[in-house]
Amino acid sequence: MATDSLRIYTSAKWQKAFERLNGAEPGIQGLLSFSEAWQIASNFLYPRDINDPGSLKSQDMQRVRAAFDLVGKSRMLSMLLDKFLEDMRRQQYLVERDVHRYMAEYESAGKAEAIMQLIFRLVAWYNAWKPINELGPTILSAYTLAFQTHIFSIFPPSFSRGFKQLIASTFDLVSASSPPPWAIPRDLPPTEQPPRPDYMLWMSCETLGLLERYESLISSVCYEHIEAHVHETCAKKWDEPMLPKLRDWMTEKIVPWMIMPYARGARSADEARAMLQGVGSRFDYHVCKTLCDLRIQEIFDIIIDYPDSQSALQDLKVASSRPGLDDINVIVDRVRRRLQECLQRVDQRSQLVITLRKANKKRLLHPGADTKVILAQYVSIIRCLRIIDPPGVLLYKVADPIRKYLRGRADTIRCIVASLVGDGESGDSLVDENEPIQPLQQMQADDYTDPNWEPEPIDAGPDFRTNKPSDVISTLVSIYDSKDLFVKELQVLLTQRLLAVKDGNYERERRNIEILKIRFGEAALQVCEVMLRDMTDSRRIDQHVQAQKPMPLHPTIISKHFWPPLQTNSFTMPGQFREIQESYAREYHLFKPDKKLHWLSHLGTIKLEIELQDRTISEEVPPLEASIVELFSQKDTWTVDQLVTEFKSVEKTAILKALTTWVDLGVLKEEESDRYKLLEVAEAVPSRSKAPARSAPVVEETTHTLSAQQQQAEQMKVFWKFIEGMLTNLGTLPLARIQAMLKFAPGYDRTIEQLAEFMEAARREGLVQVKDGMWKLCR
Amino acid sequence: MDQIMSSLAPRGAASGNKPAGGGAGAESAGSVTKRLSNELMTLMMSSSPGISAFPRSDANLFDWVGTIEGPAGTVYAGLKFKISILFPANYPMSPPAIKFDSPCYHPNVDINGGGICLDILQDKWSAVYSVQTILLSLQSLLGEPNNASPLNPDAAAIWDSPEQFKVQLMKYYRPVVDEAEA
C-alpha cells in the first residue's frame, strides 16, 4: 500500500527535522534548548515601540548570541528572518504614526526643521529595530530594504517638497560655524560633535536611503541654487568678468557642500576629487549655461552699453564657445586639473543669434528708431560680436536683417557719409578715433596659400562669406553693393559744407578729403578735389578782380560739371545788383577769356543798408529779399502778382516769404491784400540803398537735398539718356532690345512693363514715336 | 556685374587681338568692360551736343556705333555721320579702331574705306583719352582738317574754296537713315 511508503517517508522526514533541531542531544533535550533559543532570539529581534521606555532591550547579550548561534546551527535563521519581517510589518503602524505626526507639523508650519526631525526620528526607529551585526549582511540588507520600502510607501506627497526645502537649507548649513539645534538629533550625546554642521543630516539621509532615492531632486536643488546665485550676482553687471568670480564661488561654497552628498565615502582628498569629477563638471556646465542664458537675454542692452560691457562679452565668449581644436587640450587638462578649473562649455550660439535678432527686430529696426541710432547700434554689434566670435559667423547671421533694413532707409548713406567726414553735430562719431584709417576692403576669396587657414565654423551657412576682420567703415560701406553711391553722397555733403564756409578756411575739408582718399582711393575723390580747388581758386580770382577794380561782390566760382546739381531756380537780379554782377563778369572775362560766369543769384547773402527818410536799416539778407527791396526803390508800391512777373522763375511762396521778412523789419507794409507799400514815415522817397553786398552762396538746410522721389526721377533721367543714346545711334529699336540694352545703365532694375509705361509717357511728351512696335526719336 | 560684363567681351578679342602696347597683358577683360561701361555712363550723362555713341548690341560691349553732327559754322553744319568704334581687348592701352560708316568727303578721311587720319588715334594715343574725347576731336576735325597730311588729296586741294568743297561734299553725302527703313 502507498500509505506504507508514505508513512516511511514521513517518518524519515520527521526524524531528519527532529535531528536538525535536537542535534546530538539525548531525548528532546536539544529540542527544548532550541525552543528556548528561538524564543530568546525572536524576542530580541522583535520590533519594539521606542516610545515605550520599558520595552528597551536589556537582554543579556551573551545569551542572545548563544541563542542566535543555536538557531543558526539548526539552519533556522531564514525562518527567524521571516518571522522578524512579519513582526515588523505588524509594528509598522508605530512608525507610520510618527511620520504622520511630523508631516502634519511640517505642513502646518512649512519649516524644513520638521522634516529634519522626522528623518532623525526615522533613523532612531531604524537603529532600534536593526538586527545585530552578527547575523550577517544578508539579514541586515533584507531588513534595510524592508524598512526603506516601508517608509517610502508611507511618505505623503508633500515629503519631497519638504525634503527639497531641507536640502536647500543645507547650503547655508555647510558654512555655519556650528550646527543649529535642529540639525542634530536630540539623543546625540553632547560630547560627540559631528565633524561638519551638516554631517548628521547627510548621514541620516544616507542611512534611510534618501540620497539614492532623491538623487535627481538633490541635484536639481543645486541647479536652482546656482541659477539663483548667478541671477542675483550677475544680472545687469557687465563691467567686470563674472565667470571667474562664479568659479571662485563654486570652489568656496558649492564644492564643500558637494562633498557630503556626493563624496561622503571618500577616504582621501584625491578620492573625493575623483568622486566629484562627474557631478562637478555638470554643475560647472550649469554655471556657464546659466550665465550664458542670462547674458543672451541681456545681449541687446549689453551691446548698447558697449564698451563698458566688454567684460560681460568676455564671459559670454568663454562660456559660449563651442569646443574647437584647442579644446582637446582643455579636455586633456581637465583630467588633471582641479575640478573647479575645468572649463565646461555651453553651445548657445544659435540661441544668441535668435535672441539678438528678435531684440533687434523689436527694439531697433522700426520706424521710430533714428537711422543714426541704428547705425551706432550696428557698429556696436559689430564690435561686440567680434569679441565673442572672431570668425564673424554670428555677426553675419545677426547683421543680415539690419543691413537689409538699412538698405531700405533713404538717409542711411547720408548718415554714414556724415560720420565719415566726422560731422561735428552728430556728437560721438561712429568711427573710433584711434582706429587707423585704411583703404576700403573688398570681399576677398580665400587665400589658399595661407598656412593658418581654418575651415569655416560648422554653423556657418552656405551663403556665409568669410569676412576678414575689416574696419567698421568698410563694413558700413559694404551695406551697399557699390561705393559709387557713397562718393556721390559725399559730393553732395561736401557741397553743403563748402558753401557754408564763410571765413575761407577750408583746412578742415581738405583734411577730410585726404582721409577719405585713403579710404576710397584717389580716383573716386577727384571730383571732390576739383570742388575744393574751385573754392580756393575763387578766392584767388576774386583777389585778382578786386585788385583791378574794387567791387562789393565776392562770388564763389564753381565748375558746373564737377558739382552735384544745385537747385536751379535762379533769377535775374534787378537794378544795381545786376550792374555789379555784370561789371564783375566783365572783369572776370578779361582775366579768363575762355570762361563765362553763370550767376546762381539765389545762393549767397547780401549785406545792405537801406537809407530811408528817417532811419537807416542795416541787414544781411538772402538775394531774393535784397532784390525785392531794390525793386521798391524804383517804385513805392508793388502787388504780389507784379513781383511774380518780375521774377519769372521764382515761386510765389518764396516771394511772399521775402515780403514778410521786410514787413517784419518794418520796411514794407501790406496796404491791402497782396499789395505792399514801402513804409516811410516822413513820406520821403528812399534814397538809393547803398549796398555793400557780399554774395557768397548761403546754404539752407533744404537747398541741395533731393528727396527720394526726386532721386527716382533723377534716376529715370539717367535711363532716358541711355535710351536717347541708343536710339540716336542705332536708329529704331523694339521695346525688348531697349530693355536688353538698358543693362548698360548702372542700377537699371525696371521690368519691361515699367519700361513700356515710361516709353509711353515719353511718347506723350513728344520725345519719341512708335511705329509697328519700333521706337524712334522725334526730331 | 563684372562677371556679367566680362562675358560680353568678344571671345576672339580677349585672346587673338594684336598684343600692342607695353602693359597690354596686365589689363584683364573685366577691367576693360568696367572702363567701357564707365565711359558709356559718362558719355550718356555728358550731353555734349552733336556727339553720341552706343554699343551696337547688348551682347558686345566692344563694338560701338557713334553719331557725329557737323559743327555749326562749317561746311558740315547740319550733316550727320555714322562711325563705328571697335575697342581692342587691351583698351585703353591701345586706341580703338574708328572709321566712318557714312561716306565723308574730308581731307583726312578715306572716302572709300572711311579710314581716319588723326594723330590721337595713332601714335599720339594715350590712355587718358576716352570715347568722349575722341568724338569731340573728330567733330572738331571736321571743321579744322589737317591739310598737311591728307588721306583725300582732292578734298585737301579744294578745302580753301568752300563753295566747291560743299558741292563735292554733298555729292558723296548720304543722309543717315534708320536701319529698319534702310
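Where an unreviewed UniProt entry is consulted, chain B appears under the name UBC core domain-containing protein, with the organism given as Trametes coccinea. Per its UniProt entry, chain B bears the Sequence similarities (unreviewed entry) comment "Belongs to the ubiquitin-conjugating enzyme family."

Chain A goes by Anaphase-promoting complex subunit 2 in an unreviewed UniProt entry, where it is assigned to Trametes coccinea. As stated in UniProt under Sequence similarities (unreviewed entry), the record for chain A gives "Belongs to the cullin family."

**Q** I'd like a rundown of the overall build of chain A, residues and numbers included.
**A** Along its length, chain A carries 29 helices and eight strands. Burial analysis of chain A (779 residues in total) assigns 45% to the buried set. In chain A, 71% of the contacts between residues at least 6 apart in sequence involve partners at least 24 apart. Accessible surface for chain A amounts to roughly 41400 Å². Of this, 53% is attributable to carbon and sulfur atoms.

**Q** Residues and numbers for the environment of Lys-652 of chain A, please.
**A** Residues and elements named next belong to chain A. Locating Lys-652 in the fold gives a position in helix H26 (residues 652-664). Judged by its relative accessible area of 39%, Lys-652 is partly exposed. Along the backbone, Lys-652 and Val-640 are 12 residues apart, and their C-alpha atoms lie at a distance of 7.8 Å. When neighbours within four sequence positions are excluded, Lys-652 is seen to be in contact with Val-640, Asp-641, Val-644 and Asp-674.

**Q** Hey, could you go over the pattern of salt bridges for me, with residue numbers and the actual values?
**A** Residue and element names in this part refer to chain A. Evaluated as defined, the whole model comprises 22 salt bridges over all chains. Among the salt bridges present, the one from Glu-86 reaches Arg-89, with a minimum N-O distance of 2.7 Å. Here Glu-86 pairs with Arg-89, and both are found in helix H4 (residues 77-109), just three residues apart, close to one helical turn. Judged by its relative accessible area of 29%, Glu-86 falls in the partly exposed class. The salt bridge involving Lys-517 is made with Glu-514; its shortest N-O contact spans 3.6 Å. A residue pair is termed a helical-turn pair when its members lie 3 or 4 positions apart in one helix, as Lys-517 and Glu-514 do in helix H21 (residues 507-520) at three residues.

**Q** Got a sec to walk through the sheet that holds strand E3 (residues 637-639) of chain A? Specific residues and values, please.
**A** Residues and elements named next belong to chain A. Strand order in the open sheet made by the three strands is E3-E5-E4, with antiparallel pairing throughout. The open sheet is flanked by E3 and strand E4 (668-672), the only strands paired with a single partner. In this sheet, adjacent strand axes meet at a mean angle of 30° when their direction is disregarded. Alignment of E4 against strand E5 (residues 675-678), held across four bridges, turns out to be antiparallel. Paired with Leu-668 across the strands is Leu-678, a residue of E5.

**Q** Tell me about the pairing of strand E2 (residues 616-621) of chain A, residues and numbers included.
**A** Residues and elements named next belong to chain A. Note that strand E1 (residues 606-611) and E2 share six bridges and pair antiparallel. Across the sheet, Ile-606 pairs through a bridge with Val-621, a residue of E2. Remark: four residues form the turn of the hairpin made by E1 and E2, two consecutive strands paired antiparallel.

**Q** Tell me about the interface of chain B and chain A, and please be specific about residues and values.
**A** Residue-level contacts link 26 residues of chain B with 19 residues of chain A. Together chain B and chain A conceal approximately 2000 Å² of surface at their shared face, both sides included; 63% is due to carbon and sulfur atoms. Here chain B and chain A share zero salt bridges between them. Connecting chain B to chain A are six residue pairs in polar contact (both at pLDDT 80 or more). Of all the elements in the fold, those that place two or more residues in the side of chain B that touches chain A are helix H3 (29-46), strand E1 (51-57), strand E2 (60-69) and strand E3 (80-86) of chain B. By residue class, the composition of the side of chain B that touches chain A is 13 nonpolar, five polar and eight charged.

What counts and how
- Residues numbered from 1 in each chain as written.
- Chains lettered and ligands numbered in written order.
- Predicted model: local features only at pLDDT ≥ 70, side-chain atom pairs only at ≥ 80, totals over all residues.
- Heavy atoms only, no water.
- UniProt positions renumbered as here; feature names shortened; annotations may be inferred.
- Helix = DSSP H or I, 4+ residues; strand = E, 2+ residues; numbered from the N terminus.
- Buried < 20%, exposed > 50% of the residue type's maximum accessible area, 1.4 Å probe, protein only.
- Contact = heavy atoms within 4.5 Å.
- Areas by Shrake-Rupley, 256 points an atom, 1.4 Å probe, with all protein chains shown as cover.
- Salt bridge = Lys/Arg side-chain N within 4 Å of Asp/Glu carboxyl O.
- Pairing = 2+ DSSP bridges.
- Axes fitted to C-alpha atoms, helices over the stretch in contact; angles between N-to-C directions.
- Buried area = accessible area lost by both parts, 1.4 Å probe.
- Polar contact = N/O pair within 3.5 Å; in protein donor to acceptor, adjacent residues only side chain to side chain.
- Nonpolar A, V, L, I, M, F, W, Y, C, P; charged D, E, K, R; others polar.

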